[in-house]
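# Architecture at a glance
Okay, here's what each chain looks like letter by letter:
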Amino acid sequence: MALIDLKGISFAYPNGNLVLEGLSLSLEEGDKIGLLGENGTGKTTLLHIILGLIRPAEGEITIFGERYETEQDFKKIRGTIGMLFQDSDDQLFCTTVLEDVAFGPLNMGMNRREATYTAEQTLDKLGISHLKNRVPYQLSGGEKRLVSMATVLSMKPEILLLDEPTNGLDKKTGKLLVSVLQKYPARAWIMISQIQSTIEAMSNKYCKMNGGRVDLV
Ligand SMILES: Nc1ncnc2c1ncn2[C@@H]1O[C@H](COP(=O)(O)OP(=O)(O)OP(=O)(O)O)[C@@H](O)[C@H]1O
Ligand SMILES: [Mg+2]
């Protein structure tokens, strides 16, 4: 059984621009999909569809063998499927880094002490413990990227949707993030990246966005 199965997905933004058209994609256990494609081809849109942030006009979304259609359905999997947004400013909204990274664990039912412990451990793994009391919106772009990643990993999701994880990171920091993700026990992920070294290090399958669909390449 596929972990995530999309069939015949079509989606247009309200301005009428048809971005996805009859798209099908299966994410199986162990898949580390590198999703390629030119700017504006709908890669980010596809990840938002999987998470239920936007709804397709046509098509079926099946996650862990169940059909997902309503907000109630998608709510169930937001802790299990962790999404790193392309824009870090969409991910960070608390007044300190530590609060942002503890937010997911608290929301999932941990008490304050456990959530803080988990958040601190995650920050440490990513080498950014020193940022814990900073105001997220005042961080540099690269610092925001790592903190955003920490907010996702602190929830210990089983599946990751990664929208350009190493974007804006210098070589050394990019390598650190790749090595943290390689050690992370994800059941599967879909990763978008334009950076060759990230794609090569983190993918065991490649798909390309083309004309509103994804082709295995
Ligand atoms: N909220 C929106 N309203 C209208 N059009 C949108 C919206 N978001 C994205 N689009 C358009 O939909 C298309 C696909 O956008 P998307 O962000 O999915 O592309 P992408 O493949 O992730 O691109 P990039 O590589 O630049 O991140 C683009 O033409 C974009 O302009
Ligand atoms: Mg994008």
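Look a little higher up for the structure.
Let me sum up the structure you'll find in this document. (Residues numbered from 1 in each chain as written. Chains lettered and ligands numbered in written order. Predicted model: local features only at pLDDT ≥ 70, side-chain atom pairs only at ≥ 80, totals over all residues. Heavy atoms only, no water.)

Right, let's get into the packing of helix H3 (residues 97–107) against helix H4 (residues 112–125). At their nearest, the axes of H3 and H4 sit 8 Å apart, and the two run at 120 degrees to each other. Judged on the interaxial angle alone, H4 and H3 are oblique. The handedness of the crossing between H3 and H4 comes out as right-handed. Together, Val 97, Leu 98, Val 101, Ala 102, Pro 105 and Leu 106 of H3 and Arg 112, Ala 115, Thr 116, Thr 118, Ala 119, Glu 120, Thr 122 and Leu 123 of H4 make up the contact between the two elements. Each residue belonging to the contact of H3 with H4 can be placed in one class, and the counts come to nine nonpolar, three polar and two charged. (Axes fitted to C-alpha atoms, helices over the stretch in contact; angles between N-to-C directions. Helix = DSSP H or I, 4+ residues; strand = E, 2+ residues; numbered from the N terminus. Parallel < 35°, antiparallel > 145°, perpendicular 65-115°, else oblique. Left-handed = near helix turned anticlockwise from the far one by under 90°. Contact = heavy atoms within 4.5 Å. Nonpolar A, V, L, I, M, F, W, Y, C, P; charged D, E, K, R; others polar.)

As a structural note, the neighbourhood of ligand 1 is formed by 14 residues, with Gly 40, Lys 43, Thr 44, Thr 45 and Gln 86 the closest of them. For ligand 1, an oxygen atom lies 3.2 Å from a polar atom in the backbone of Thr 41. A total of three residues in the shell around ligand 1 trace back to one element, the largest contributor, which is helix H1 (residues 43–50). Its residues assigned to classes, the shell around ligand 1 shows two nonpolar, 10 polar and two charged. (Near = heavy atom within 4 Å. Polar contact = N/O pair within 3.5 Å; in protein donor to acceptor, adjacent residues only side chain to side chain.)

What follows covers the pattern of salt bridges. Under the criterion given, the structure shown has 11 salt bridges. In this structure, Lys 7 engages Asp 5 in a salt bridge whose closest nitrogen and oxygen atoms are separated by 2.8 Å. By relative accessible area, which is 15% here, Asp 5 ends up buried. As a salt-bridge pair, Lys 144 and Asp 89 come within 3.0 Å of each other at their nearest N and O atoms. (Salt bridge = Lys/Arg side-chain N within 4 Å of Asp/Glu carboxyl O. Buried < 20%, exposed > 50% of the residue type's maximum accessible area, 1.4 Å probe, protein only.)

On the protein side, the magnesium ion (ligand 2) has Thr 44 (OG1) and Gln 86 (OE1) as donor atoms, found 2.0 to 2.2 Å from it. Taken together, the residues Thr 44 in helix H1 and Gln 86 in the loop between strand E6 (81–84) and H3 connect sequence positions 42 residues apart. Overall, the relative accessible area of 38% leaves Gln 86 in the partly exposed class. (Donors = N, O, S within 2.8 Å, 3.2 Å for Na, K, Ca; no water.)

Contact geometry for H3 and helix H5 (residues 141–153): axes closest at 7 Å, N-to-C directions at 30 degrees. Classed by the angle they form, the pair H3 and H5 counts as roughly parallel. Facing Val 97, Asp 100 and Val 101 of H3, the residues of H5 in contact are Val 147, Ala 150 and Thr 151. When the residues that make up the contact of H3 with H5 are grouped by side-chain class, the tally is four nonpolar, one polar and one charged.

Our focus in this paragraph is the packing of aromatic side chains. Remark: the centre distance and the inter-plane angle together describe each pair of aromatic rings, the angle taken between the planes. Counted under the stated rule, the structure contains three aromatic pairs. Where Phe 93 meets Phe 103, the ring centres are 5.0 Å apart and the plane angle is 90 degrees; that geometry is what we call edge-to-face. Linking Phe 93 in the loop between E6 and H3 with Phe 103 in helix H3, this pair joins segments that are 10 residues apart in sequence. Classification of Phe 103 by relative accessible area gives partly exposed; the value is 36%. In this structure, Lys 32 is placed above the aromatic ring of Trp 189, and the distance from its NZ or CZ to the ring centre is 4.4 Å. (Phe/Tyr/Trp six-rings, centres within 6.5 Å; stacked < 30°, edge-to-face > 60°. Lys NZ or Arg CZ within 6 Å of the ring centre and 35° of its normal.)

The four strands are arranged E2-E1-E4-E5 in an open sheet whose pairing can be described as antiparallel. Bordering the open sheet on either side are strand E2 (18–27) and strand E5 (66–67), each of which pairs with just one other strand. Direction of pairing for strand E1 (residues 4–12) relative to strand E4 (residues 58–63): antiparallel, over a ladder of five bridges. In the sheet register, Asp 5 faces E4, and the bridge partner there is Thr 62. (Pairing = 2+ DSSP bridges.)

To continue, consider the pairing of E6. Alternating positions in E6 separate into two faces, Ile 81 and Met 83 on one and Gly 82 and Leu 84 on the other, with burial throughout. When E6 meets strand E7 (residues 159–163), the two strands line up parallel, connected through four bridges. By the bridge assignment, Met 83 is partnered in E7 with Leu 161.

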